[in-house]
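Chain residues, written in single-letter form:
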Amino acid sequence: RSEQIAFVGVSFFSPNYEVKARRLLESCTTLGQCCKATMVGSDFLGPSAPEGSDVVVLGSSVGWVALGLAFLLPNARRFIGLEILRRRCEVAREALSEGASPATWALPVYFAHADAREGDRAFEGAALVWDSLGFGGGVRAEILAAVARKAPPGCVLVTYDSLPSD
C-alpha cells in the first residue's frame, strides 16, 4: 500500500472508447494516481450479454459504484442500484440530480429501494451484477443465493464472497 497514492482506478473499455480511456490514464498520471485500463471485446460480458444489457449494483448505497460503472461500461443499457436503506436511495437520487453536468445528463442510472431477495424484475436483463453489499452473515448469503437463482444465464456476478453451492 502506498502512502502517496490514495486512489487506484481500474477500467475496462471497448475499442470504441480507446480515446476516452487514454484521456483517463493521462489525467490519472497528471494527478499522481494509479490507474489501469484494459481493452476488452464487445462480448466481454459473455456471448449471451449483448450490448445494451443491464448492470445491477447490490447495496448501491449513495450511488457511487453505479455511477462509476456507468462511466466505465458505456455500452450497457442501464444501471440499477438496489439498496435496502430508503434514505441512501434518496441521497443517491439527489446526488445524481444535483451533480448533473453534461457528463452525467444522459447516464441511465436508476436507484431502487428494494430487497434483492424479493422479485425477479431487477435481474431480468442483467449481464452483470456487482456486489457492493456492506454487511456479511446469513443475509448476505441469502442475497447472493437469490441472485444466482434469478439472474439470467450468462450473467456475471462480481463478488468477493464464495458463491452459493446450490
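This structure is a prediction, so every number in the text was calculated from the model and none was measured.

Participant: Help me out: how do you make sense of the overall build of the protein in this one?
Facilitator: Helix and strand counts for the protein come out as four helices and seven strands. Order of helices (α) and strands (β) in the protein, N terminus to C terminus: β-α-β-β-α-β-α-β-β-α-β. Counting the 166 residues in the protein, one finds 34% classified as buried. Surface summary for the protein: the accessible area is close to 10200 Å², and the carbon and sulfur share equals 56%.

Participant: What exactly am I supposed to notice about the pattern of salt bridges here?
Facilitator: Working definition: two side chains of opposite charge can pair if their charged atoms are close together. The full count for this structure, using the stated rule, is seven salt bridges. In this structure, the salt-bridge partner of arginine 117 is aspartate 115, at a minimum N-O distance of 2.7 Å. Between arginine 117 and glutamate 142 there is a salt bridge, with its nearest N and O atoms 2.8 Å apart. With arginine 117 in the loop between strand E5 (109-113) and strand E6 (126-131) and glutamate 142 in helix H4 (residues 137-150), this residue pair connects regions lying 25 residues apart in the sequence. Residue classification places arginine 117 among the partly exposed residues on the basis of a relative accessible area of 32%. Through salt bridges with shared partners, a single network forms among Asp54, Arg77 and Arg78.

Participant: Before we go on, may I ask you to explain the environment of alanine 95 in this structure?
Facilitator: Along the chain, alanine 95 turns up in helix H3 (residues 86-98). Judged by relative accessible area, alanine 95 falls into the partly exposed class, the value being 33%. C-alpha separation for the pair alanine 95 and tryptophan 64, spaced 31 residues apart in sequence, amounts to 9.4 Å.

Participant: Hey, could you run me through the sheet that holds strand E4 (residues 78-83) in this one?
Facilitator: Picture the strands of a sheet paired through backbone hydrogen bonds; they go either parallel or antiparallel. Strand order in the open sheet formed by five strands is E5-E4-E3-E6-E7, and the pairing between neighbours is parallel. Strands with a single pairing partner mark the edges of an open sheet, and in this sheet they are E5 and strand E7 (156-158). The average undirected angle you get between the axes of adjacent strands in this sheet is 20 degrees. Two elements, E4 and E5, share five bridges in a ladder whose sense is parallel. Note that in E5 the partner of glutamate 83 across the bridge is histidine 113.

Participant: For this particular structure, what's the right way to read the side chain of serine 60?
Facilitator: Mapped onto the secondary structure, serine 60 falls in the loop between strand E3 (54-58) and helix H2 (64-72). Aside from chain neighbours lying at most four places away, what touches serine 60 is Gly81, Leu82, Glu83 and Phe111.

Participant: Explain H2 here, please?
Facilitator: Looking only at H2, the buried set comprises Ala66, Leu67, Leu69 and Ala70. Projected down its long axis, H2 shows its buried positions confined to an angular sector of 160 degrees, all on one face. Elements that come into contact with the buried residues of H2 comprise E3, E4, H3, E5 and E6.

Participant: Mind showing me how you'd approach H4 here?
Facilitator: It helps to recall that an α-helix has 3.6 residues per turn; residues three or four apart then point in one direction. The terminal C-alpha atoms of H4 lie 20 Å apart, and with 14 residues this matches the ideal 20 Å at 1.5 Å per residue to within 8%. Regarding H4, the residues found buried are Arg140, Ile143, Leu144, Ala145, Ala146, Val147 and Lys150. Structurally, H4 contributes buried residues whose contacts are with E3, E6 and E7.

Conventions used here
Residues numbered from 1 in each chain as written. Predicted model: local features only at pLDDT ≥ 70, side-chain atom pairs only at ≥ 80, totals over all residues. Heavy atoms only, no water. Helix = DSSP H or I, 4+ residues; strand = E, 2+ residues; numbered from the N terminus. Buried < 20%, exposed > 50% of the residue type's maximum accessible area, 1.4 Å probe, protein only. Areas by Shrake-Rupley, 256 points an atom, 1.4 Å probe, with all protein chains shown as cover. Salt bridge = Lys/Arg side-chain N within 4 Å of Asp/Glu carboxyl O. Pairing = 2+ DSSP bridges. Axes fitted to C-alpha atoms, helices over the stretch in contact; angles between N-to-C directions. Contact = heavy atoms within 4.5 Å. Arc of directions from axis to C-beta. Expected span 1.5 Å × (residues − 1).

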